[in-house]
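This is what each chain is made of:
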Amino acid sequence: MDMRYTPEQVDLKRRAAGYAELLMTYENQAEDAGGPLPKDLVAELTRAAMKAGVYAINMPARWGGAGLSLLDQVIVEEEFGKATNCLWDIPWRPANVLAHGDERQREKYLLPVIRAERFDAFAVTEPGAGSDPSSGRSTATRTEGGWLLNGEKWFVTCGDIADFLLVQADAGPERQPTLFFVDKSAEGVAMTRVPRFMHSAVNGHPEFTFTDVLVADEDVLGGVGKGYELTKEWFTDERLMIAARTVGAAERALQLARGWALGREQFGSRIADYQMIQAMLADCAVDIAVNRAYTHQVAWEAGRPDTDPKTLHAKASTAKLAASEAAGRVIDRCLQIFGGRGYDRSYPVERMYRELRVDRIWEGTSEIQRLIIANELIKRGTRVLALPTR
Ligand SMILES: Cc1cc2nc3c(=O)[nH]c(=O)nc-3n(C[C@H](O)[C@H](O)[C@H](O)COP(=O)(O)OP(=O)(O)OC[C@H]3O[C@@H](n4cnc5c(N)ncnc54)[C@H](O)[C@@H]3O)c2cc1C
């Protein structure tokens with residue numbers, strides 16, 4: 001077993017860290033603006049990400065992406081997670097399942113996303129269907145040459161800047177869950193509300209309605225009935241990336257809290273000299289160290305050809321659950337170490353306190369991750385705990 005980064009990974013981490021530091025210089029501007037940054041600035045940051053080789057990291061190099069393995073993506077996303085205000089959305093990460101598109105879909109949808117000319121968003125959740133997507137009420141009804149889409153989608157991350165959406169809807173009388181490419185400019189698509197959330201993210205999470213939207217047959221992704229399969233594949237990767245980003249955010253918070261504890265004096269001594277503060281610092285270090293190791297392990301396993309996708313799915317849930325909950329504990333302690341300043345929005349720990357909360361909700365809540373892990377344990381035993389032997 002060799003846990004060292006390769007020289008290429010050391011270089012990748014350095015480039016990702018340099019880019020994340022650039023993003024951090026715009027955190028206060030994003031916070032003051034309530035999220036969005038000016039378009040020309042986003043374009044400049046996009047070019048910088050491309051130059052650093054950290055744009056579209058999950059797409060193959062032959063299509064213009066950075067062509068990174070899941071392990072390498074974890075290395076990058078850990079650094080990105082240190083930036084607040086979801087600035088890590090700027091170095092775009094196309095939905096992994098776009099890679100399943102046929103040649104025409106690739107030319108029309110994916111390649112322009114990799115070139116930063118267009119943007120995608122994934123729309124599964126509905127007002128009545130969150131944790132249980134099978135209760136979704138969006139439908140696709142057969143019509144000449146395609147489908148008529150009707151329904152409503154909520155919380156569509158980056159839907160405000162997206163050019164097209166991947167919409168999950170039940171197709172035909174058999175109600176087969178299917179993913180449809182839907183151009184946002186298509187007739188019948190309406191962005192009805194962009195709610196204000198707890199975080200001030202650079203991009204929003206709007207709500208959409210679809211009224212008799214005509215979708216051509218050729219704009220079905222992966223075939224009719226493949227919706228859940230593809231969504232599950234998207235979840236596995238994205239849950240691992242949430243684990244990576246929350247580890248990164250927690251590490252930054254700890255670095256800031258350590259620095260503050262060493263510099264701040266009360267009762268004639270550095271607060272770092274007080275054992276109640278030391279205990280909080282130590283607990284943070286433990287939360288971060290174990291979750292970093294596990295997230296790297298699962299990402300490494302994901303890149304092996306013999307990894308069972310079902311067990312991998314449960315391992316990604318384990319990483320997401322553990323890391324997001326640990327990051328919640330870490331940021332709570334770090335804010336406490338900052339005292340009143342930790343409650344001031346101009347301090348990164350305050351923003352992280354608000355921002356890390358959603359990591360226990362999106363891409364499946366903590367309760368749903370527990371259900372996935374328990375289901376795997378019941379069906380296939382404790383192999384979800386095992387390290388690969390071959
Ligand atoms: C900022 C943000 C961005 C998002 N981005 C996207 C996106 O891009 N695309 C998308 O499709 N969705 C997105 N979502 C939706 C997100 O995935 C859902 O909010 C999440 O899956 C939970 O669904 P829900 O909000 O409907 O809660 P519900 O499913 O109604 O759950 C409410 C509570 O009940 C619990 N619960 C539900 N079922 C069970 C059970 N069987 N056992 C125990 N507890 C249970 C849940 O854990 C939760 O605590 C986003 C959400 C947010 C907040």
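Presented here is a report on the structure given in the accompanying data block. Given the structure is predicted, the values throughout are model-derived calculations rather than measurements.

Scoring rules and cut-offs
Residues numbered from 1 in each chain as written. Predicted model: local features only at pLDDT ≥ 70, side-chain atom pairs only at ≥ 80, totals over all residues. Heavy atoms only, no water. Helix = DSSP H or I, 4+ residues; strand = E, 2+ residues; numbered from the N terminus. Rg over C-alpha atoms; globule rule 2.2 N^0.38 Å. Buried < 20%, exposed > 50% of the residue type's maximum accessible area, 1.4 Å probe, protein only. Contact = heavy atoms within 4.5 Å. Areas by Shrake-Rupley, 256 points an atom, 1.4 Å probe, with all protein chains shown as cover. Lys, Arg positive; Asp, Glu negative; His and termini not counted. Charge placed at Lys NZ, Arg CZ, Asp CG, Glu CD. Core = buried A, V, L, I, M, F, W, Y, C linked by side-chain atoms within 4.5 Å. Pairing = 2+ DSSP bridges. Polar contact = N/O pair within 3.5 Å; in protein donor to acceptor, adjacent residues only side chain to side chain.

### Comments concerning the overall build of the protein chain
The helix and strand tally for the protein chain stands at ten helices and ten strands. Expected size for 390 residues packed as a compact globule is a radius of gyration near 21 Å; at 21 Å, the protein chain falls within 12% of this value. Summarising its shape, the C-alpha atoms of the protein chain cover approximately 80 × 50 × 40 Å along the three principal directions. Across the 390 residues of the protein chain, 52% fall into the buried class. Taking the intrachain contacts of the protein chain between residues at least 6 apart in sequence as the baseline, contacts between residues at least 24 apart amount to 74%. Surface summary for the protein chain: the accessible area is close to 18100 Å², and the carbon and sulfur share equals 54%. Each charge class in the protein chain was averaged separately, 48 positive and 55 negative side chains, and the resulting centres sit 4 Å apart.

### A word on the nonpolar core
Formed by 50 residues in total, the largest nonpolar core has its most connected members in L37, V54 and V97. Within the residue set of this core, elements represented by two or more residues are α1 (7–24), α3 (39–52), α4 (70–80), α5 (103–114), β4 (164–171), β5 (176–183) and α6 (227–263). Broken down by element, this core gets its largest block of residues, five residues, from α5. If sequence neighbours within four positions are ignored, V97 has contacts with F122, L166, L179, L221, L230, E233 and W234. If you look at the next biggest cluster of nonpolar residues, it comprises 37 residues, including A243, L312, A316 and C334.

### Focus on the pairing of strand β1 (residues 120–123)
Taking every second residue as pointing to the same face, both faces of β1 are buried, with D120 and F122 on one and A121 and A123 on the other. Note that β1 and β4 share four bridges and pair parallel. Bridge pairing in β4 places D120 opposite F164.

### Details of the side chain of R93
Structurally, R93 is set in the loop between α4 and α5. A distance of 3.3 Å separates a polar atom in the side chain of R93 from a polar atom in the side chain of E77. Here the side chain of R93 touches E238 through a polar contact of 2.9 Å, side chain to side chain. Ignoring any residue separated from it by four or fewer positions in sequence, one finds R93 in contact with I57, N58, Q73, E77, D237, E238 and M241.

### Thoughts on α5
Q105, Y109, L110, L111, P112, V113 and I114 are the residues of α5 that are buried. Once α5 finishes, A116 follows within two positions and takes phi at roughly 65°, a positive value.

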